[in-house]
Amino acid sequence: MVLIYWDYIKNNVPTWWRKTLLPLSFKNGNLTGRWFFFYLLIFSFNVSAQHIDSLKQTKDSLKISDTTKQNKSPVLEITTVSGRITDALTGKPIPNVTITFSQSAHATSSDSQGKFFLSAQGSYKRVSFSLMGSQPLNKEIKPNRVNELQIHLKSSQRQLQEVRISAGKRKKYRNKGNPAVELIQEIIDHKNINRMQSADYLQYDQYERIGLSFFHLSPKFINGSFFSKYKFMLDTTQVINGETQTSLPVFFSEKLSQNFFRKKPSKSIKFLQAQKELNIIKFVDTVGVNIYINRIYGDNIDIYENNIFIITNQFLSPIADHAPDFYKFFIADTIKIGNEKFIEVNFTPRNKGDLLFEGKLLVTMDGRYAVKSCELDVNSQININFMRSLKIVLDFQKHDDGRYYMNKSDVKADFGIFKEKGLGVIGERTVYRSNYKLNSRLPDGFYKGKDLQIADNVNQPDTTFWLHHRTDTLSKQQELIYEHINKLENMRSFKRTTWIASAITNGFADLGAVQLGQIGSALSYNNQEGVRFQGGARTTPEFNKTVYLDGYAAYGTKDGIAKYDLNTYFSLNKTAPYRFPNDYFKIGYLYDVSLPGQDLAAVNTQAALTSFTTGKNDYWLYNKIFNLVYVKDFENHFSYNLGFVNWNQQAAGTLLYQLNDADNTIVRNLTTSEVDLGLRYAPHEQIIQGSMVRFSIYSKYPIISLQINHGIAGFLGGSYNYNNITANIAKRFYFSQLGYSDVALLGGYITGKVPFPLLDISPANRSIAYDPNAYNQMGYLEFVSDHYVGLNFTQSFNGFFLNKIPLIDHLKWREYFSFKVLYGGLRNENNPAYSSGLYKFPVGGNGTNGTYALGNVPYIEGGVGIGNIFKIVRVDLIKRFNYLDHPGISQYGIKLSFNPDF
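Residues numbered from 1 in each chain as written. Predicted model: local features only at pLDDT ≥ 70, side-chain atom pairs only at ≥ 80, totals over all residues. Heavy atoms only, no water.

(A) Local environment of the overall build of the protein chain. Scanning the protein chain for helices and strands turns up 13 helices and 47 strands. Taking all 902 residues of the protein chain together, 53% fall into the buried category. About 40800 Å² of surface is accessible on the protein chain, with carbon and sulfur atoms providing 55% of the total. (Helix = DSSP H or I, 4+ residues; strand = E, 2+ residues; numbered from the N terminus. Buried < 20%, exposed > 50% of the residue type's maximum accessible area, 1.4 Å probe, protein only. Areas by Shrake-Rupley, 256 points an atom, 1.4 Å probe, with all protein chains shown as cover.)

(B) The pattern of salt bridges, seen in detail. Inspection of the entire model under this criterion finds 27 salt bridges. Residues Glu140 and Arg126 are paired through a salt bridge, measuring 3.4 Å at the closest nitrogen-oxygen approach. Remark: Arg126 occurs in strand 7 (residues 126-130) and Glu140 occurs in strand 8 (residues 137-140); sequence separation between them is 14 residues. For Glu140, a relative accessible area of 61% gives the class exposed. Three or more residues joined by partner-sharing salt bridges are found here, namely Glu529, Arg532, Asp559, Lys563 and Asp592. (Salt bridge = Lys/Arg side-chain N within 4 Å of Asp/Glu carboxyl O.)

(C) Structural detail: the pairing of strand 31 (residues 583-594). Most of strand 31 sits out of view: nine of its twelve residues are buried. When strand 30 (residues 562-571) meets strand 31, the two strands line up antiparallel, connected through eight bridges. What sits directly across from Tyr569, in strand 31, is Lys586. As judged from the twelve bridges shared by strand 31 and strand 32 (residues 619-633), these two strands associate in the antiparallel manner. Residue pairing in the sheet places Gly588 in a bridge with Asn627 of strand 32. (Pairing = 2+ DSSP bridges.)

(D) Structural detail: the nonpolar core. Within the largest apolar cluster, 93 residues are counted, with the highest numbers of intra-cluster contacts made by Tyr297, Ile303, Ile311, Phe329, Phe357, Leu390 and Ile392. In terms of nonpolar packing, the next biggest core, distinct from the first, is built from 20 residues, Tyr619, Leu621, Ala651 and Tyr839 among them. (Core = buried A, V, L, I, M, F, W, Y, C linked by side-chain atoms within 4.5 Å.)

(E) Inspection of the sheet that holds strand 6 (residues 115-121) at higher detail. In space, the three strands of this open sheet follow the order 6-3-9, with mixed pairing throughout. Of all the strands in the sheet, just strand 6 and strand 9 (146-153) have a single pairing partner and so form its edges. Neighbour to neighbour, the strand axes of the sheet diverge by 20° on average, direction disregarded. Pairing between strand 3 (residues 78-87) and strand 6: seven bridges, direction antiparallel. When the bridges of strand 6 are listed, Ser82 appears paired with Phe117. (Axes fitted to C-alpha atoms, helices over the stretch in contact; angles between N-to-C directions.)

(F) Main features of helix 6 (residues 179-189). Looking at helix 6, one finds that the buried residues are Ala180, Val181, Leu183, Ile184, Ile187 and Ile188. For helix 6, the angular spread of the buried residues around the axis is 155°, confining them to a single face. Exposed positions of helix 6 whose direction lies more than 90 degrees from the buried face are Glu182 and Asp189. On the buried face of helix 6, the contacting elements are helix 7 (191-194), strand 17 (327-337), strand 18 (340-349) and strand 19 (358-364). Near the N-terminus of helix 6, the side chain that reaches the backbone nitrogen of Ala180, with its oxygen 2.9 Å away, is that of Asn178. (Arc of directions from axis to C-beta. Contact = heavy atoms within 4.5 Å. Polar contact = N/O pair within 3.5 Å; in protein donor to acceptor, adjacent residues only side chain to side chain.)

(G) Just the side chain of Asn147, in detail. Tracing the backbone shows Asn147 in strand 9. With a relative accessible area of 8%, Asn147 lands in the buried category. Side-chain polar atoms of Asn147 contact the backbone oxygen of Arg145, separated by 3.3 Å. When near neighbours in sequence (up to four residues on either side) are disregarded, Asn147 contacts Thr79, Thr80, Val81, Ser82, Ile141 and Lys142.

(H) Region of the structure containing a positive patch on the surface. Side chains of Lys229, Arg492, Lys495 and Arg496 sit close together on the surface and give a patch of like positive charge. If you trace the backbone, Arg496 turns up in helix 12 (residues 492-506). Judged by relative accessible area, which is 51%, Arg496 ranks as exposed. (Patch = residues over 30% accessible without salt bridge, like charges linked within 9 Å, V, L, I, M, F, W, Y side chains within 5 Å. Lys, Arg positive; Asp, Glu negative; His and termini not counted. Charge placed at Lys NZ, Arg CZ, Asp CG, Glu CD.)

(I) Here's a closer look at unusual backbone geometry. Of note, the bond from Gly517 into Gln518 is cis; its omega dihedral lies within 30 degrees of zero at 5°. Following the sequence through the fold, Gln518 ends up in the loop between strand 26 (514-517) and strand 27 (523-526). Cis geometry is found at the peptide bond from Phe580 to Pro581, where omega equals 0°. Structurally, the position occupied by Pro581 is in the loop between strand 30 and strand 31. A positive phi is found at Lys812, a non-glycine position, where the angle reads about 60°. If you trace the backbone, Lys812 turns up in the loop between strand 42 (787-796) and strand 43 (814-825).

(J) View of the packing of aromatic side chains. Applying the stated rule across the entire model yields 40 aromatic pairs. Its guanidinium or amino end placed over the ring of Tyr591, Lys624 lies 5.7 Å from that ring's centre, counting from NZ or CZ. Directly above the aromatic system of Tyr740 lies the positively charged group of Arg732, at a separation of 3.8 Å from the ring centroid. (Phe/Tyr/Trp six-rings, centres within 6.5 Å; stacked < 30°, edge-to-face > 60°. Lys NZ or Arg CZ within 6 Å of the ring centre and 35° of its normal.)

(K) Region of the structure containing helix 12. The end-to-end C-alpha distance of helix 12 is 21 Å, a good match for the 21 Å that 15 residues give at a rise of 1.5 Å each. Along helix 12, the residues classified as buried are Ser493, Phe494, Thr497, Thr498, Ala501, Ser502, Ala503, Thr505 and Asn506. Gly507 lies just past helix 12 and shows a positive phi near 85°. (Expected span 1.5 Å × (residues − 1).)

(L) Region of the structure containing the sheet that holds strand 41 (residues 783-785). Taken in spatial order, the three strands make up an open sheet running 40-41-44, and their pairing is mixed. Only two strands of the sheet have a single neighbouring strand rather than two, namely strand 40 (760-761) and strand 44 (852-853).

(M) Structural view of the confidence of the model for the protein chain. On average, the protein chain scores 82 in pLDDT, and the residues at 70 or more come to 86%. The element-level mean pLDDT for the protein chain is lowest in strand 1 (residues 26-27), coming to 36, with strand 37 (residues 703-711) highest at 97. Confidence drops under a pLDDT of 50 for residues 1-74, and excluding neighbours within four residues, the segment shows 183 contacts in the predicted structure. Confidence drops under a pLDDT of 50 for residues 158-168, and excluding neighbours within four residues, the segment shows ten contacts in the predicted structure. (pLDDT = per-residue confidence, 0-100.)

(N) Up close: the pairing of strand 42. Pairing between strand 39 (residues 740-751) and strand 42: ten bridges, direction antiparallel. Bridging from a neighbouring strand, Ser741 pairs with Gln795 of strand 42. Pairing of strand 42 with strand 43, which is carried by ten bridges, proceeds in the antiparallel orientation. Note on strand 43: the bridge partner recorded for Gly790 is Leu822.

(O) Local environment of the environment of Lys895. By secondary structure assignment, the location of Lys895 is in strand 47 (residues 892-898). The sequence separation of Lys895 and Gly865 amounts to 30 residues, and the corresponding C-alpha distance is 9.1 Å. Within the structure, Lys895 has its side chain in polar contact with the backbone oxygen of Asn776 (distance 3.4 Å).

(P) Geometry of the environment of Gln275. Structurally, Gln275 can be placed in strand 14 (residues 267-279). Judged by relative accessible area, which is 9%, Gln275 ranks as buried.

(Q) Here's a closer look at the environment of Asp462. With respect to the helices and strands, the residue Asp462 is situated in the loop between strand 24 (452-454) and helix 10 (463-469). What makes Asp462 partly exposed here is its relative accessible area of 34%. Each C-alpha atom of the pair Asp462 and Lys276 lies 8.9 Å from the other, and the pair is 186 residues apart in sequence.

(R) Up close: the side chain of Glu685. Residue position: Glu685 is located in the loop between strand 34 (670-681) and strand 35 (687-689). Here the side chain of Glu685 touches Ser696 through a polar contact of 2.9 Å, side chain to side chain. Beyond its immediate sequence surroundings of up to four residues, Glu685 is in contact with His637, Arg680, Ser696 and Ile703.

(S) Structural view of a nonpolar patch on the surface. A grouping of Phe817, Val864, Leu877, Tyr892, Ile894, Leu896 and Phe898 is seen on the molecular surface, where their side chains present a nonpolar patch of about 610 Å² in accessible area. When residues of the nonpolar patch are assigned to their parent elements, the largest contribution, four residues, is made by strand 47. Position of Phe817 relative to the elements: it lies in strand 43.

Right under this line is the structure:
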C-alpha cells in the first residue's frame, strides 16, 4: 500500500529527503528509471501474462488430473505431523531442519523456534528429519492421523582426531599448501560430472512458492483510524531474523511445473501446470514483474555455475573456477550421515565489500566431490543497497546415476531504505524438486516446442486442488492469506484506496472504460511554449477489447498555440496496445512541438525533457504527423512494424529552413511521406511492462534493431525520395566481480539528396541528467550526417576498486567509465556548401552551437563517474575531446543521475 510507505516517510524520513529526493522518483506520472525497480520490490506485483503451446503429441501426458472433477465428494486420507525439534545436548530449538514423509516428495522445514507442520494426502508410516551437521532421524508415525512429535537431534559423529589451540601471532592465510583450497580445487575439477546438465536427458517436477510481507510497520499507522479496519491482515507469528514480528502479507504465489532438459543440442522446456497468486498491491500497473521478483530471490540458483544471479547482481560462486582468488576456505569438520561421510568447508570473502558469499559447503568423500548441501549468507559490509539480510540454503539428494540433484532451495532476504530500522519488506522463495527421471528421452518433436508452455487451465484457485498436488505444507498463517486477501478485495474502502494509489503510481485515473491522464504531464515548462497545460485520456478493454482510443490536448501560454494527439487502435488479438504482445493497426494524427532529431514515435514528453537544460536551446519544430501502422509482436520477442507516415514540420525559435539559393528563400514547411519498416529481435527477453512503455530486463542476450524508412516524393505533398537505414545492436556483458559492460553498436546510411532536417541528427543531451544513449557534451542539432557508425561503451565496476581503499571503502561508492565515439560523414550531394537546392546549416552564435557536417575526425567523448552516493546519486565528469572550436561548447561537463539500485 502506498499509504503505508507514505506514512513511514512522513514520520521517519528527514525533511530534506522528502522535499528534495522523493519528488524525483516521479516523471510524467510514472515511476522512472531505477526508482521504478525499487518501488517494484517494495510494493510487489502481478503475474506475467503467459501463453499456450500447441504441441499435441505430448499435451495429454503433461496435464494434471483434477480428482475433484472425478469425485464430487472425495474421501481424503491425510497424514499430519507437527511438533518441535531441539538439540539433544543443549535443548535449544533447531531451525531449517528438513522434514520429509518417507518415499515421497512432501517436505517442509522447521522455523527459528524449531516448530514444524507437515500434512499431505496419503498413508505415510515414517517421517525423516535431516540437517547438515546433525545425525538423520527416521520416526515411525500413525498413517491417516495427526501425530504430535517432540524430536531431539544429535550432532553428527566427528571424525577429526584432534583440535589444537595455540596463542601467538596470527598465521597469514595462504592458498598454497592449504588442504581446504586443495579440496575446493577438486570440487571445481569435478563440476562438469556433478552438475545436472551432465545428463543427456532430464525431467523433474517443481513446486515453487514466494511470499512478500511488510514489517517494522509504524505503531502509529497500525493503531491509526485508517488501518483499523484492515488489522485482520496482520501476521503476528512471522519470524524475521530470529525474532517474532508483526508483518503485513502483500503477495503470495504458488506454482507447479514440469521441467525438461536436453543436453545436445541444448534445450530447456518448462511446462507450467498450475498457479495461484494473491496480491493486494494491484495498483502498480505492470505485467511481468513476477519475473523480476523471481530474479531478486533466485530464479534458478545453480551452485555449479561460476556466477549466481540474485538480487539483480552476479555473485561469484564459492566453487567458481577462480574462487580461491576471491575466497578464503577452511575445513571445519568431517561428518558422517548414515553410511556416508562428508567434509564441511567454511568460506568467507577476502574483501568484505565484494559481491561474494560467506557460508559453508558439505562435500561428498566418495571421489566425486559433489555438493550435498550448502548455506550461502552475506556479511553486513557487502556493497548491496537496501538489503538487510540474505540467506540461501540448498539441499541435494543422491540419485541412480550417482549424482546429487537439488531437491530444495530456500532463499530469504529482507530489504529496507535504512539498514537496521524502519519499514522493510521480507521475502522468501522456496522451491522443491522431485520425481527426477534420468535419460528418459521424449520424441524429437517435443523439444521443438517453446521454452515456456502453459496449461489451458493453469489458474487453479481451488484449495482442494492444491492440497492434493502441493509438495510442501503451508503453515496455518500462510493458509489464512488466501482467505484474508479475498476478504480485503471485497471491501469498498480498500478498492477506493487502491484506486487513489493507482492514479498516483501509473499516472492514469481509472474510470473503468476510460482512464484520464497522464497526470504527471498536466503541467510543465519550456522556453518555446512557456507554461504548458496538458490533459488526456485513453480507453480500456472495458470500453471495447478490439477498438482502443487515446489522445491528449495541450496549450502553451507563451506561444498561445493548442496542440493535440489523437490515435485509434484496432487490436487483432483483443489486447490493449500498451500490453504485450502487440497485434494491432493504428491510425493517428499529431500536432505538437519537439526538438530537432527527437524520436517522434516515442511517448510525447518533450516539455518535461527540456525543463532543465545546460546551455542555450532555441531550435524548435512544430510537427503535423499523420501515421498508419501495423505492429506485431511474436512470443519469441521478434517484432516488426510496417507503416506510412506523412510529416509536415515547421521551424521555430531561432531555427530557419533557408534555401542556399541566390534569394536565400525561406521554407515555411517541409513535408515528407514515408513507408517505414521496423524489425526488432530480443532473444529470451524478459520484460516489465508499465502503464505506457516496456522495460527490458538486462540479460546476457543482445537486442537487435533495424529501421528502414523510404521517402516518396510527390505523394501527399512529399518533397524527397530517399532511404534511411539504421541499425543497433545492444548487449550487456557480465564480468562477475568486475561488474558489467553495456555495449551498443550503431550505424546508419541515407541514400538520395535531402536537406539537413532529413539527415541523421546525432542525439545530443543538454539537460543536467546523464543520458547513456546520447552524447552528453554535444549540442542540439550540432552534427548531421548521411552515413555513420558509432560505439557506446559503459563499464560499471560495482565498487570493485573503491571498496578496497581505506577510509572510503565504508561509503560503498561504485565506479563508472564511459566512452562514446561517432564516426561518419556527409556526401557532397547533401552538403549545402557543395550542392544547390539544399537548406543552409544554422550558423552558431549568441550562445547556440550551429550545425555542422560530421567530418573525417570522429566525435569522441568519455567520462568517469562515481555512483551510489547516499545510495541513489551518481555524478559523472564528461570530457569532450574534439570539435572544441564550435560556439557554445564546453569541453567538460558535470551530469547527475538518480539511480536507486541494489
